[in-house]
Amino acid sequence: MRKGTRLTAAVATATAAALLATSCGSDSGGGGGGDGTVRASWGDPQNPLEPANTNEVQGGKVMDMIFRGLKRYNPETAAAEDALAESIETDDQQNFTITIKQGWTFSDGTEVTADSFVDAWNYGANIENNQINSYFFQFIDGYADVHPEDEGADPTADTMSGLEVVDDHTFTVRLTEPFSLWPDTLGYAAYSPLPRSFFDDHDAWLEKPVGNGPYMIDSYARSQSMTLVEYGDYSGDDTAQNDGVELRVYTDNNTAYTDLQAGNLDVIDDIPASQLNNADADLGDRYINQPAGIIQTVSFPLYDDAWSGEDMVKVRQGLSMAINREEITSKIFADTRTPATDFTSPVLEESGGYEPDLCGDICSYDPERAKEMIDEAGGLPGGTVTLTSNVDTGSHRQWMDAACNSINNALGDTGACTVNPVPTFADFRNQVTSDSMTGMFRSGWQMDYPLIQNFLQPLYYTDASSNDSGYSSEEFDDLVNRANSADDEDEAIDLFKQAQQVLVDDMPVIPLWYQNGTAGHSERVSDVRLNPFSVPVYTDITVS
Amino acid sequence: MGRYVVRRLLQMIPVFIGATLLVFLMMYALPGDPVRALYGERSVDEAQIAAIKAELGLDLPLMQQYWNYLLGVFQGDFGTQIASRRPVMDVITQALPATIRLTVLAFLITVVLGVGMGLVAGLRRGGKIDRAILFVTLIFISVPVFVIGYAYQNFFANTLGWTTPTVRDPEAWTQLILPALVLASLSLAYVARLTRTSIAENARADYMRTAKAKGLSRPRAVTVHLMRNSLIPVVTFLGVDIGNLMAGAIVTEGIFNVQGIGSAVYRALSFREGATVVGIVTFMIVVYLVVTLLVDLLYAVLDPRIRYA
């Protein structure tokens, strides 16, 4: 009998453990809200959900829903339009007086004032707050005092001297140098206003962020889901056309795609690469494939003597002509990339500086001319070239193989171009930023704001922050400087276009293709589209 | 018995330290800088990177980082995530309920179906049922888990509509049944085969004949004598398997969108979140150690000849 009791005890313990497990964590909520709620795919945001600390698309979705800044980018044309800004005035492109509209409130009821902006910007810029988007404030006078450039240096001020509150609804901004397009950068999430509660109890705020946008957060179960509901007192024009949005975390976008087909999900963005060829058949006109503000390029290590010689321009241009962009974008990317013909992006539209034919022949596939040009210049340095990229995401391995094949075929030499795959993105960026490349390497740019300036200055200006190839051209720098101090936007854009022409002539990087954003939606919802940042415009979605 | 348990618990300390150190070193040896990776392909801000590293203690020498980590662990602090600045403990406790539920379900399925099938097959060795069970388990063992996962998802959820294709609410046991079945399929195949062999062998043992001779009914002879003597290898397997079910469910969790430990460690690895990976692995090590201890104690329950002094 005694043995029997022991067995029973073991079973009892196991049952108790199971019961304990059931009772754990029963606080997170169940399904979504009412019938008018849009169920959309989401990923766990990488960074804390605060405006100046969000630089990836998943956190960006939430920022776009719960915040409105001075400007907002028109979801269709990408033009910066006034949101909270009543007016932004300047005489010298360096000193701006900003007036904000009256009557806007945060969803906790407090009013949006000039302080809401100034405090938020000072917070975002301060190095001690560890905000990833700090550099957005670098144009403001006094940034160097709150965010010293030297590693380990302490800030010498708490606030930027270039920001001054005039009255409740007016403040002035002084930039370090003229920047004519600066007001158009203000649509980025980093420039959002913040309510007092953000500063008073930061941890509580992060648990459930409070903003001034068309939605407010109803519940947030980390790594699971977030439910947003319409903010009734929202003062903007783009009020929500649905009752709310339920964002559901998916670790694998294939699973999200399955759920969409089963009718358990209404909107997915980023269709999995493996499904791109089926998406048209599966979803029909519910499949969305439209340009995003992302350009993929191949850079040359111009800090390496082998690649920087004068003859090398011809070699670089030749390599550009040896890559069959059309074939790669259609075969490998199922037309979710468009062959690039300039250094910007179609989302800017021609009025914003995008120039469809800028690169012309040099970005068109012409194997014979490519071989001629490279041979004339004395061939590839060392006779071969490598193409390096991380291969952990985004079909990089496939297109690199295809690009190298294309080059090898053009040059009639199977060993001319070889692929150098790097396992992880972090490792690849380490190699790139330490200037240790010896051949071509992948580079890409996702715009911070839809401005031609953002596609050129950070990438090609001498010693600019993302100038990975080490390109330096007096002519280019001069044109950028003149554009930034131009009197009006048209003139500025014109000068930026001239600067772009310099890039075609020097070819420090080869434009490959513009990246598209993809999305799909269920039959339950309509009016789904992506904004220039490839984020669905949730406010416009209607539920039937 | 008490002394034995204490000795086993003390033995856990060096294993624990050695294992965490190994994982810590491995994470450190991976190429690439996780703080720099925060900036993606955008402008990199060296001063800010240095400031973040200083705050998280990532600028210290490796051994000092490890020492600080160990000190923290003993105070219940598993470190902080680099990107999200969340305490790793938060990440673990968040993922744990779903994982525990899934594990419990999968484990129950494994035990009930696995031992049940093994018992039937073992008692009717060579018969039709035995051959059918051997065939089914062979399929479970040879077909990769993601194939089974997508097949079940497609058949039970999309075609028959019995359940949702993905887990929307990790607290709803009914939604977890499908992923648990997939997760359990491989283990239950092994358990069924182990049980079958063991039962078939012991069914001809002397004590079974004795039991029959002294007039014990067959069901009683099977449950009291045969089962107890045959379950020792099965229990050993099940003990190790609990750990596999908990941490090795990455594929299943992905297919059914369960936000558990498996997907948490996968995400942490892809972002090179060292503290998170070490934290989860440490937790799993503790689970393994405790389960093996429990299994060893269970031996004594099953077989009175085994005694721990």
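These numbers were taken from a predicted model, which means no experiment stands behind them.

A. Representation of the UniProt feature "domain: ABC transmembrane type-1" (unreviewed entry) in chain B in the model. Using the residue numbers shown here, the UniProt feature "domain: ABC transmembrane type-1" (unreviewed entry) corresponds to residues 96-299 of chain B. Taken end to end, residues 96-299 of chain B is 82% helix and 0% strand, and its two terminal C-alpha atoms sit 28 Å from one another.

B. Spotlight on the interface of chain A and chain B. In this assembly, 63 residues from chain A lie in contact with 53 residues from chain B. Between chain A and chain B lies a buried interface of about 5,100 Å² when both sides are counted; carbon and sulfur atoms form 50% of it. A per-residue breakdown of the area chain A buries against chain B is headed by Q46, N130 and T251 of chain A, which together make up 13% of the total. In this assembly, chain A and chain B are joined by one salt bridge. Across the pair R267 of chain B and D44 of chain A runs a salt bridge whose closest N-O atoms are separated by 3.7 Å. Counting every contact that joins chain A to chain B gives twelve residue pairs in polar contact (both at pLDDT 80 or more). The biggest single contributor to the side of chain A that touches chain B is helix α1 (residues 2-23) of chain A, with seven residues.

C. Expanded view of the nonpolar core. Residues and elements named next belong to chain A. If you look at the biggest cluster of nonpolar residues, it comprises 141 residues, and the most contacted ones within it are W121 and W182. At eight residues, the largest contribution of residues to this core is made by helix α18 (residues 489-506). In this structure W182 touches F96, I98, W121, F139, I140, V173, L175 and Y191, once residues within four positions along its chain are discounted.

D. Highlighting the UniProt feature "transmembrane region" (unreviewed entry) in chain B. All names here are of chain B. Taken from the UniProt record, the annotation "transmembrane region" (unreviewed entry) applies to residues 12-30, 98-120, 132-152, 172-192, 230-256 and 276-302. Helix makes up 100% of residues 98-120 and strand 0%. Its end C-alpha atoms lie 33 Å apart. Across residues 230-256 one finds 89% helix and 0% strand; the C-alpha atoms that close the span lie 35 Å apart.

E. Local environment of helix α13 (residues 367-376) of chain A. Residues and elements named next belong to chain A. Listing the buried residues of α13 in full gives A370, M373 and I374. Across the axial projection of α13, the buried residues extend over an arc of 95°, all falling on one side. Across α13 from its buried face, at more than 90 degrees, point the exposed residues E368 and E376. Close packing links the buried residues of α13 with α11 (312-322) and α14 (396-411).

F. Quick look at the confidence of the model for chain A. When the pLDDT values of chain A are averaged, the result is 88; 94% of them are 70 or greater. Low pLDDT, under 50, characterises residues 1-33 of chain A; the predicted model gives this stretch 25 contacts beyond four residues in sequence or across chains.

G. Fine view of the state of the cysteines. All names here are of chain A. Under the criterion given, the structure shown has two disulfides over all chains. There is a disulfide in this structure between C404 and C417, and the S-S distance comes to 1.9 Å. Between C404 and C417, the S-S dihedral sits near -50°, and the bridge is therefore left-handed. Here C404 is found in helix α14, whereas its partner C417 is found in strand β15 (residues 417-422), with 13 residues between them in sequence. Residue C404 is classed as buried on the basis of its relative accessible area of 3%. Along chain A, the cysteines engaged in disulfide bonds are linked according to the scheme 1-2, 3-4 when indexed in sequence order.

Conventions adopted
Residues numbered from 1 in each chain as written. Chains lettered and ligands numbered in written order. Predicted model: local features only at pLDDT ≥ 70, side-chain atom pairs only at ≥ 80, totals over all residues. Heavy atoms only, no water. UniProt positions renumbered as here; feature names shortened; annotations may be inferred. Helix = DSSP H or I, 4+ residues; strand = E, 2+ residues; numbered from the N terminus. Contact = heavy atoms within 4.5 Å. Buried area = accessible area lost by both parts, 1.4 Å probe. Salt bridge = Lys/Arg side-chain N within 4 Å of Asp/Glu carboxyl O. Polar contact = N/O pair within 3.5 Å; in protein donor to acceptor, adjacent residues only side chain to side chain. Core = buried A, V, L, I, M, F, W, Y, C linked by side-chain atoms within 4.5 Å. Buried < 20%, exposed > 50% of the residue type's maximum accessible area, 1.4 Å probe, protein only. Arc of directions from axis to C-beta. pLDDT = per-residue confidence, 0-100. Disulfide = S-S within 2.5 Å.

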